[in-house]
Amino acid sequence: MTGIPHSYLFTWAALVVLLAATLGLAYVPMPGPLNVAVALGISVAKALLVLALFMKLFRAPALTRAAAAAGLFWLAVLFALSATDYLTRKVDPVGDLSAPTGREHRQGDR
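Residues numbered from 1 in each chain as written. Predicted model: local features only at pLDDT ≥ 70, side-chain atom pairs only at ≥ 80, totals over all residues. Heavy atoms only, no water.

### Focus on the overall build of the chain
Okay, step 1: Along its length, the chain carries three helices and zero strands.
Okay, step 2: The linear arrangement of helices and strands in the chain, starting from the amino end, is α-α-α.
Okay, step 3: Counting contacts in the chain only where the partners sit at least 6 residues apart, residues at least 24 apart contribute 55% of the total.
Okay, step 4: Surface summary for the chain: the accessible area is close to 9,600 Å², and the carbon and sulfur share equals 71%. (Helix = DSSP H or I, 4+ residues; strand = E, 2+ residues; numbered from the N terminus. Contact = heavy atoms within 4.5 Å. Areas by Shrake-Rupley, 256 points an atom, 1.4 Å probe, with all protein chains shown as cover.)

### Focus on unusual backbone geometry
Okay, step 1: Positive phi, close to 50°, is recorded for K56, a residue that is not glycine.
Okay, step 2: According to the relative accessible area criterion, K56 is partly exposed, its value standing at 37%. (Buried < 20%, exposed > 50% of the residue type's maximum accessible area, 1.4 Å probe, protein only.)

### Notes on a nonpolar patch on the surface
Okay, step 1: Nonpolar side chains collect at one region of the surface, where W12, V16, V50, F54 and M55 lie side by side and expose about 470 Å² of accessible area between them.
Okay, step 2: Those elements that provide at least two residues to the nonpolar patch are α1 (6-25) and α2 (34-54).
Okay, step 3: Position of M55 relative to the elements: it lies in the loop between α2 and α3 (62-87). (Patch = residues over 30% accessible without salt bridge, like charges linked within 9 Å, V, L, I, M, F, W, Y side chains within 5 Å. Salt bridge = Lys/Arg side-chain N within 4 Å of Asp/Glu carboxyl O.)

### Let's talk about α2
An α-helical segment advances 3.6 residues per turn. Residues three or four places apart therefore align on the same side.
Okay, step 1: Here α2 contains 21 residues, and its C-alpha end-to-end distance of 29 Å stays within 8% of the 30 Å for a straight helix at 1.5 Å per residue.
Okay, step 2: Looking at the residues trailing α2, positive phi occurs at K56, about 50°. (Expected span 1.5 Å × (residues − 1).)

### Some points on the side chain of K46
Okay, step 1: Structurally, the position occupied by K46 is in helix α2.
Okay, step 2: An unpaired buried charge is present at K46: no salt bridge exists, and D85, the closest side chain of opposite charge, is 26 Å distant.
Okay, step 3: Once you skip the residues sitting within four places of it in the chain, K46 turns out to touch L15, L18, L19 and T22. (Lys, Arg positive; Asp, Glu negative; His and termini not counted.)

### Some points on the side chain of T11
Okay, step 1: Relative to the assigned elements, T11 resides in helix α1.
Okay, step 2: At a separation of 2.6 Å, a polar atom in the side chain of T11 contacts the main-chain carbonyl oxygen of S7. (Polar contact = N/O pair within 3.5 Å; in protein donor to acceptor, adjacent residues only side chain to side chain.)

### Side note on the environment of L51
Okay, step 1: Structurally, L51 can be placed in helix α2.
Okay, step 2: Each C-alpha atom of the pair L51 and A68 lies 9.5 Å from the other, and the pair is 17 residues apart in sequence.
Okay, step 3: Those residues in contact with L51 that lie beyond four places of it in its chain are K56 and L57.

### Here we look at the packing of α1 against α2
Okay, step 1: Interhelical geometry of α1 versus α2 gives an angle of 165° and a closest axis separation of 10 Å. It follows from the interaxial angle that α1 and α2 lie roughly antiparallel. The way α1 lies across α2 gives a crossing that is left-handed. Within the contact between the two elements, α1 uses Y8, T11, W12, A14, L15, L18, L19, A21, T22 and L25 and α2 uses N35, V38, A39, I42, A45, K46, L49, V50, L53 and F54.
Okay, step 2: Among the residues making up the contact of α1 with α2, the classes are represented as 16 nonpolar, three polar and one charged. (Axes fitted to C-alpha atoms, helices over the stretch in contact; angles between N-to-C directions. Parallel < 35°, antiparallel > 145°, perpendicular 65-115°, else oblique. Left-handed = near helix turned anticlockwise from the far one by under 90°. Nonpolar A, V, L, I, M, F, W, Y, C, P; charged D, E, K, R; others polar.)

Written out as structure tokens, the structure reads:
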């Protein structure tokens, strides 16, 4: 070989397989939110592979692990705030509006 460690090759191969699984999942209809749950599981597996083997985060100094944990915590806070905004919105229909057709504005109206 050319000096590339075997763990990098196996990690790359696993990432390619998980990428193919993500692509295949896009064409498989599943009931309810199962499609999203499986896709999130695949993405978590890919992220853990990158964190563990490419970034060597589990063998990193404590300060590096703390910074990564703080970043993940902040990402979780942002997702939670976005979810609360999305889940608490109430959409009320307004009158008898039809879908726009693009013909609402004529050339001479400007």
